Amino acid sequence: MVKISVGGYDDGEGPSNPIQKRQRVEEEEEEEEEEEEQQLQEGFETEEPSIEEEQGDDNATEEHHLPANAEIVGSYPNPPENNNVSASNDRNRSISVTVVDPDVLDCCICCEPLSAPIYQCENGHIACSICCVRLRNKCAMCSMPIGYNRCRAIEKVLESIKISCLNAKYGCKEMFSYSRKYDHEKECIYLPCLCPHSGCDFVASSKELSIHFSNRHIDSGIPFIYDKFNTVFLNVGQKAVVLQEKNDANLFIVHNHLELLGNIVHIGCIGPKSMAGFHYDVLARSQGSTLILQSFTKIIQGQVADTPSTGFLLIPCDFFGSGQLKLDIRIRLQHQA
């Protein structure tokens, strides 16, 4: 690296000694003239003065030929801008954009978020690659051929768009491209869940919800431990019973749907959609008869759950002798993907 300090020559005499400085300059000029005469006599060409000699003259102009890859470090009253840094900042800068109609970022045919490759017809109508195949490469708008010319402009726009998760207010900090919107929503662990306690409208992520339930509704849930049978009493008209694991505080709901033939019982786990289910066993006994269900929990986001088509236990009405049923429930720690 070539380092050039731009500024006045510091001769140690300071600006308050002009006489001494002028005498020194006159002496240097006489020495230079003698050297030039001597070189001419010896037949040599005059060489350019060195950098040190150039700096000796306060009025001299500095002109040095530097290699192409040299870096000049100077001391300026106003340092020049670093063009490379400025260009990098221009490339990395971002702006806030408000999309008034987000549907423009979806395929107009399948209504799914657009993702590369995107194709356009001769009239400029666009479609995703899947729809081009479904339409047999015939534009749905104008019947022109489509699926051969890429729409690079829209692809670049989609690549540059980064959106926040809809669950940002519940703790999700991720930023992702618009084409990953639906995929992220399926796997986001901050999906809001509703408190299972009747009359409570608290909504939060499953983790925050477990803390809330432990602090505010500790007497409303039945504590249990994984891999051990726990006794639960269920009334014939009772819609749900909340279970909370003692160690990880996960919330489970024993759902009870009253039907003509009896009661349909199944268990759900409150959590995000990406959460794995838990295996569980339910045993119902009455007058020497035993009904057993072995299934795995459905993932839900609140207390209300639809009656499942499979994975439930149908308990006849005569099992509720006194209007109450005793259930032995075991939830296993092993997950079901």
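Above this text you will find the structure in question.
Visitor: It is not clear to me how the overall build of the protein should be interpreted in this structure. Could you clarify?
Guide: The number of helices and strands found in the protein is seven helices and 17 strands. Counting over 337 residues, the protein shows a buried share of 30%. Of all intrachain contacts in the protein linking residues separated by at least 6 positions in sequence, the fraction that spans at least 24 positions is 53%. Entry remark: accessible area of the protein is about 22,800 Å², with carbon and sulfur atoms responsible for 49%.

Visitor: What's the story with the environment of Cys 269 in this structure? I'm lost.
Guide: Within the fold, Cys 269 resides in strand β12 (residues 262-270). The exposure class assigned to Cys 269 is buried, which follows from its relative accessible area of 0%. Between the C-alpha atoms of Cys 269 and Ser 206, which are 63 residues apart in sequence, the distance is 10.0 Å. Beyond its immediate sequence surroundings of up to four residues, Cys 269 is in contact with Leu 251, Phe 252, Met 275, Phe 278, Thr 297, Lys 298, Ile 299 and Ile 300.

Visitor: Got a minute to help me understand the pattern of salt bridges in this structure?
Guide: When the charged atoms of two side chains lie near each other, side chains of opposite charge can form a pair. Within the structure shown, the criterion is met by seven salt bridges. Here Asp 281 makes a salt bridge to Arg 330, at a shortest N to O gap of 2.7 Å. One end of the pair, Asp 281, is in strand β13 (residues 277-286); the other, Arg 330, is in strand β17 (residues 324-336), with 49 residues separating them in the sequence. On the accessibility criterion, Asp 281 (2% relative accessible area) is buried.

Visitor: Could you clarify how one ought to interpret the sheet that holds strand β3 (residues 149-150) in this entry?
Guide: Hydrogen bonds between backbone atoms are what pair the strands of a sheet, whose relative direction is either parallel or antiparallel. Spatially, three strands are ordered β2-β1-β3 in an open sheet, and the strand pairing comes out antiparallel. Either end of the sheet is taken by a strand with one partner, and the two such strands are β2 (126-128) and β3. As defined by bridge partners, strand β1 (residues 118-120) adjoins β2 across three bridges and the pair is classed as antiparallel. Among the inter-strand pairings, Gln 120 is bridged to a residue of β2, identified as Ile 126. Along the sheet face, helix α5 (residues 152-160) touches β1, β2 and β3 and points at about 150 degrees away from the line of β1.

Visitor: Help me understand the nonpolar core, please; the structure alone is not making it clear to me.
Guide: Generally speaking, nonpolar side chains in soluble globular proteins are found buried as a group. Core analysis: the largest hydrophobic core is formed by 24 residues, its most contacted members being Leu 243, Phe 252, Val 282, Ile 315, Leu 327, Ile 329 and Ile 331. Listed by contribution, the elements that provide at least two residues to this core are β9 (230-235), β10 (240-245), β11 (251-258), β12, β13, β16 (313-316) and β17. Apart from the residues within four sequence positions on either side, Phe 252 is in contact with Phe 224, Tyr 226, Val 241, Val 242, Leu 243, Ile 267, Gly 268, Cys 269, Phe 278, Thr 297 and Ile 331. Within the second largest apolar cluster, 15 residues are counted, among which are Leu 105, Ile 118, Cys 139 and Ile 146.

Visitor: Could you clarify how one ought to interpret unusual backbone geometry in this entry?
Guide: Trans peptide bonds make up most of the peptide bonds, and negative phi angles are found at most residues other than glycine. The amide bond that connects Ala 116 to the next residue, Pro 117, takes the cis arrangement and shows omega of 0 degrees. A positive phi angle, close to 55 degrees, is found at Arg 136, a residue other than glycine. Summarising the element assignment, Arg 136 is placed in the loop between α4 (129-134) and β3. Relative accessible area serves as the criterion here: at 75%, Arg 136 is assigned to the exposed category.

Conventions and cut-offs
Residues numbered from 1 in each chain as written. Predicted model: local features only at pLDDT ≥ 70, side-chain atom pairs only at ≥ 80, totals over all residues. Heavy atoms only, no water. Helix = DSSP H or I, 4+ residues; strand = E, 2+ residues; numbered from the N terminus. Buried < 20%, exposed > 50% of the residue type's maximum accessible area, 1.4 Å probe, protein only. Contact = heavy atoms within 4.5 Å. Areas by Shrake-Rupley, 256 points an atom, 1.4 Å probe, with all protein chains shown as cover. Salt bridge = Lys/Arg side-chain N within 4 Å of Asp/Glu carboxyl O. Pairing = 2+ DSSP bridges. Axes fitted to C-alpha atoms, helices over the stretch in contact; angles between N-to-C directions. Core = buried A, V, L, I, M, F, W, Y, C linked by side-chain atoms within 4.5 Å.

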